Amino acid sequence: MEFHIALTDASPDPAVVQDALFDVDPTAVADLDMSGLVLRVSASMTSADLIEVLRQVGWQVAPKQVVQLPSICCGGCGG
């Protein structure tokens, strides 16, 4: 799933988030969008699980900050 999270002043470095995500999903990716105002996360987890991981790294994310994008999977690879 892909998620977009609006950044706040207390947002951790994306590398810290990615390291924490690896404990849950070793294929997870976290980076900033071009504006630098949104953290993009691609991971196999629910938004509730993602919020919990973010809270574990000290970022108190409100559920309304986390937007789950619709899947863009075409199914062509069988996944």
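Residues numbered from 1 in each chain as written. Predicted model: local features only at pLDDT ≥ 70, side-chain atom pairs only at ≥ 80, totals over all residues. Heavy atoms only, no water.

### A look at the side chain of Q65
Positionally, Q65 belongs in the loop between α2 (47–56) and β4 (66–68). For Q65, a relative accessible area of 15% corresponds to the buried category. A polar contact of 2.8 Å, which involves the side chain of Q65, links it to the backbone oxygen of A6. Ignoring any residue separated from it by four or fewer positions in sequence, one finds Q65 in contact with H4, I5, A6, T8, W59 and Q60. (Helix = DSSP H or I, 4+ residues; strand = E, 2+ residues; numbered from the N terminus. Buried < 20%, exposed > 50% of the residue type's maximum accessible area, 1.4 Å probe, protein only. Polar contact = N/O pair within 3.5 Å; in protein donor to acceptor, adjacent residues only side chain to side chain. Contact = heavy atoms within 4.5 Å.)

### A closer look at the pattern of salt bridges
Throughout the structure, instances matching the rule amount to one salt bridge. For the salt bridge of D31 with R40, the shortest nitrogen-to-oxygen distance reads 2.9 Å. With a relative accessible area of 29%, D31 lands in the partly exposed category. Among the residues examined, R40 registers a relative accessible area of 29% and is labelled partly exposed. (Salt bridge = Lys/Arg side-chain N within 4 Å of Asp/Glu carboxyl O.)

### Considering the pairing of strand β3 (residues 38–42)
As defined by bridge partners, strand β1 (residues 2–6) adjoins β3 across five bridges and the pair is classed as antiparallel. Across the sheet, the residue bridging to A6 is V38, located in β3. Two strands pair when backbone bridges link them, and strand β2 (residues 29–32) and β3 are joined in this way by four bridges, in the antiparallel orientation. Looking at the pairing, A30 lines up with V41 of β3. Once β2 ends, the chain turns through five residues before running back antiparallel as β3, passing G36 with a positive phi of about 80°. (Pairing = 2+ DSSP bridges.)

### So, the sheet that holds β3
Strand order in this open sheet of four strands is β2-β3-β1-β4, and the pairing throughout is antiparallel. At either margin of the open sheet sits one strand with a lone partner, and together these are β2 and β4. Neighbour-to-neighbour, the strand axes of the sheet open up by a mean angle of 20°, direction not taken into account. Packing against the sheet, helix α1 (residues 14–22) makes contact with β2 and β3, and its axis sits at approximately 165° to β2. Sheet strands in contact with α2 are β1, β3 and β4, and its direction is about 45° off that of β1. (Axes fitted to C-alpha atoms, helices over the stretch in contact; angles between N-to-C directions.)

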